[in-house]
Amino acid sequence: NLKGQVPAEIGFLTSLTHLSLFSNLLSGDFPEGIRSLKKLEFLGMESNLLGGMLPTWLGEFASLRFLALGDNRFTGQIPTEMRDMMALQEVALDYNGMTGSTDMFGSLPVLRRLYLGHNQLTGTLDDDYLAGSNVVELDLGRNAFSGSFPPHFVSDNQLEVLDLHGNRLEGSLPTIMPPNDRLRLLALYENNLTHSIPSALSNLEVLTHLDLSRNSFGGDIPIALELMTHLTYLFLSDNDNLEDGPIPDTRYLSHLRELSLKGTSRTGVIPPKLGDLSNLILLDLDDNKLVGNIPDNLGNLQKLKYLLLNRNQLGGPIPSTFKNLEKLEMFLLYANDITGNADPLCGPNKPAGLTEFVADCGEDGTMQCLCCKVCCDTNQQDCYDDSDLLANLDYGSGAGYQRDAYVFGEDIVFRPNNAL
């Protein structure tokens, strides 16, 4: 809870090597007194209220290995003088208002982790971008980078984390990818990527996190994805140019925790085999063309918290086995033809955390529900705002692949304590 500006007198500590001021309420411009601390190896001022432009004299810090300035209010361009900081191993400037180029980082020989997400940075991603670097974690998400996906990002077998979501990338993904046993996280959602999803993705042998949602991919969902046995997180949602087809076979994807196929033109019935994914926490099948009854086996998903089956053509009752979904917090079922009642999830069986339950239980709805938050009428288009319901995991510095919240929209946020 430290407040105010960092005093200039901090510059008297000329032997200081480690300065950590994370998560306070410090304000003002970048502290001028820090310029005298030339022996610094670690400088952490993340999550404060600091603002203004980064000083050009940062390039004078020849010994600095760790620089964390994320989650502040810094603006302007990243100083080109940072190319002289040859000892830098980790840089976190994410969640600021930085603009301009990032070329200065390509010449830093020992840089391993670079977090620049959630700024206003620009430039073209091409075959030269960070080519030959030693970076293993790269977060450029939520900026304004253009160009196409650089093939060397997957062929150099160096990167372990690659987040390029929320940019302006176009074109296709590489159709040829050599075996890669390093890359664990690939987030490309909210770009303008087109053509087919390549089968070569299955050569990313240890990938656990794949998010291709909100692009313009077409063709079929490749069968090769069904063999990516390390996947825990698979989001293909809102690629409405995909060809009609069934839900992929998940028999080999036993580690899946989150599966989102919203708006991917899935047809046929919901496979009972989905009920064998015992680690599943999120299942999103919203806005497809699914028919038939909800499989009883889905009641076996005892870890399931978020189930979105809305906007399909499902019929029949809610399975009695749903009384076993004790951890369920969100269940969207509206815009279907479900009949009967919601007793498996209401009354004494109601999961303690179930706060977002929406079904067709209005005056002319097809079912009865005594514990729904919202009851829709049949074919009521404005019953529930479903325009932006997609809880992508936004990876950032220090996140460590862990969820701190499931954000389906501004007013629909679930946190680990089950609070809405």
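Residues numbered from 1 in each chain as written. Predicted model: local features only at pLDDT ≥ 70, side-chain atom pairs only at ≥ 80, totals over all residues. Heavy atoms only, no water.

S.K.: Please clarify how the sheet that holds strand E7 (residues 73-77) should be interpreted in this entry.
M.R.: Across a sheet, paired strands are connected by hydrogen bonds in the backbone, their directions being either parallel or antiparallel. Overall, parallel pairing links the nine strands, which are arranged E1-E3-E5-E7-E9-E11-E13-E15-E17 in an open sheet. A single partner strand is all that each edge strand has here, and the edge strands are strand E1 (3-4) and strand E17 (192-193). As paired strands, E7 and strand E9 (residues 97-100) are joined by three bridges and run parallel to one another. In the sheet register, threonine 75 faces E9, and the bridge partner there is glycine 97. (Pairing = 2+ DSSP bridges. Helix = DSSP H or I, 4+ residues; strand = E, 2+ residues; numbered from the N terminus.)

S.K.: Whenever I open this one, the nonpolar core confuses me. Can you help?
M.R.: Here is a general trend for soluble globular proteins: nonpolar side chains tend to be buried in one another's company. Counting 106 residues, the largest nonpolar core has Phe30, Ile34, Phe105, Leu186, Leu201, Phe331 and Phe357 as its most contacted members. Elements with a minimum of two residues in this core: strand E11 (120-125), helix H1 (152-155) and strand E30 (356-359). Discounting chain neighbours no more than four positions away, the residues touching phenylalanine 357 are Ile318, Phe331, Ala342, Leu345, Cys346, Cys369, Cys371, Cys372, Lys373 and Val374. The next biggest cluster of nonpolar side chains, apart from the first, holds 21 residues, and it includes Ile281, Val358, Leu393 and Tyr406. (Core = buried A, V, L, I, M, F, W, Y, C linked by side-chain atoms within 4.5 Å. Buried < 20%, exposed > 50% of the residue type's maximum accessible area, 1.4 Å probe, protein only. Contact = heavy atoms within 4.5 Å.)

S.K.: Just checking my understanding: could you explain empty space enclosed by the protein for this structure?
M.R.: Gaps left between atoms show up when a probe the size of a water molecule is rolled over them. Applying the stated rule across the entire model yields two cavities of 30 Å³ or more. Counted as a void, the largest cavity has a volume near 110 Å³. Lining the largest cavity, in full, are Leu130, Gly132, Ser133, Val135, Leu138, His152, Phe153, Asp156, Asn157, Gln158 and Leu159. Volume-wise, the second largest cavity comes out at about 50 Å³. Forming the walls of the second largest cavity are Leu225, Glu226, Leu234, Pro248, Thr250, Leu253, Leu259 and Leu261. (1 Å grid on protein atoms, 1.4 Å probe; cavity = no way out; pocket = protein on both sides within 12 Å on 5 of 7 lines; lining within 4 Å. Points joined across faces, edges and corners; volume = space filled by probe spheres on them.)

S.K.: Is there a simple way to explain the sheet that holds strand E29 (residues 337-338) in this structure?
M.R.: Read across the open sheet, the four strands follow the order E23-E25-E27-E29; overall the sheet is parallel. Among the strands making up the open sheet, the edge pair consists of strand E23 (267-269) and E29. Two elements, strand E27 (residues 313-316) and E29, share two bridges in a ladder whose sense is parallel. Within E29, the residue paired with glycine 315 across the bridge is aspartate 337.

Interpretation in functional terms is not warranted from these geometric data alone.
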